[in-house]
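Coordinate analysis (summary)
The primary structure of each chain is shown beneath.
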Amino acid sequence: MVHEAILPEGWKQPVGYANGMLARPGRTLYMAGQVGWTAQQEFMSAELVPQFRQALENILAILRQAGGQPEHICRITAFCIDRNAYLAARRELGLIWKELMGSHYPCMSMIFVADLLDHPAKIELEATAIIPD
């Protein structure tokens, strides 16, 4: 394991995230919020699920360009404009997560917001990774 998930003694195991992530020494990569558009900044869908996939693929493209792998991600913050759509799509989003991230679950926060800058964005993901030297 590159980084170690931290779970205080007696705490229930979280589902789909880690409460803490102990990162090994390395280079820190801070990734700006990525919405569900392509490399040409075009939205191929106005729906949450395909936008989530594209936003996560964008995060992983930046990470790979820096020499990193999904397991190097220590933190992801998600900003979503539609709580009901997110809750209804959790299973589908989980399948996309498994496909792209495997069983790596970094520290995560989900924040529901009124709107995002880039229309018609439904979700935005920002991340931090520690890439081992």
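Residues numbered from 1 in each chain as written. Predicted model: local features only at pLDDT ≥ 70, side-chain atom pairs only at ≥ 80, totals over all residues. Heavy atoms only, no water.

**Section: the layout of surface pockets**
To keep things clear, this is the line we draw: Lining residues are defined by having an atom within 4 Å of a point belonging to a cavity or pocket. Those points lie on a 1 Å grid over the protein atoms alone, cavities being sets where a 1.4 Å probe fits but cannot get out and pockets being open sets with protein on both sides within 12 Å along at least five of seven lines. Grid points are joined across faces, edges and corners, and a volume is the space filled by probe spheres set on the points. Working definition: helices are DSSP H or I runs of at least four residues, strands are E runs of at least two. Numbering for both runs from the N terminus. For this classification, the nonpolar set comprises Ala, Val, Leu, Ile, Met, Phe, Trp, Tyr, Cys and Pro, the charged set comprises Asp, Glu, Lys and Arg, and every other residue, Gly included, is treated as polar.
A volume near 530 Å³ is recorded for the largest pocket. Around the largest pocket, the lining is made up of 20 residues, and of these Val15, Gly16, Tyr86, Arg90 and Met108 lie nearest the centre. Secondary-structure elements contributing two or more residues to the lining of the largest pocket are strand S4 (73–80), helix H3 (90–101), strand S5 (107–112) and strand S6 (123–132). Split into classes, the residues belonging to the lining of the largest pocket amount to 14 nonpolar, three polar and three charged.

**Considerations on the sheet that holds S6**
The line we're drawing: Any two strands with at least two DSSP-identified bridges between them are counted as paired. Note on geometry: axes are lines fitted to C-alpha atoms, helical ones only across the stretch in contact, with angles between N-to-C directions running from 0 to 180 degrees. Contacts are assigned to residue pairs with any non-hydrogen atoms lying within 4.5 Å of each other.
Across the sheet, which stays open at both edges, the four strands sit in the order S3-S6-S4-S5 with mixed pairing between neighbours. Every other strand in the sheet has two partners, leaving strand S3 (26–35) and S5 as the edge strands with one partner each. The sheet shows a mean angle of 10 degrees between the axes of neighbouring strands, direction not considered. Sheet contacts for helix H1 (residues 48–65): S3, S4 and S6; angle to S3, the most-contacted strand, approximately 150 degrees.

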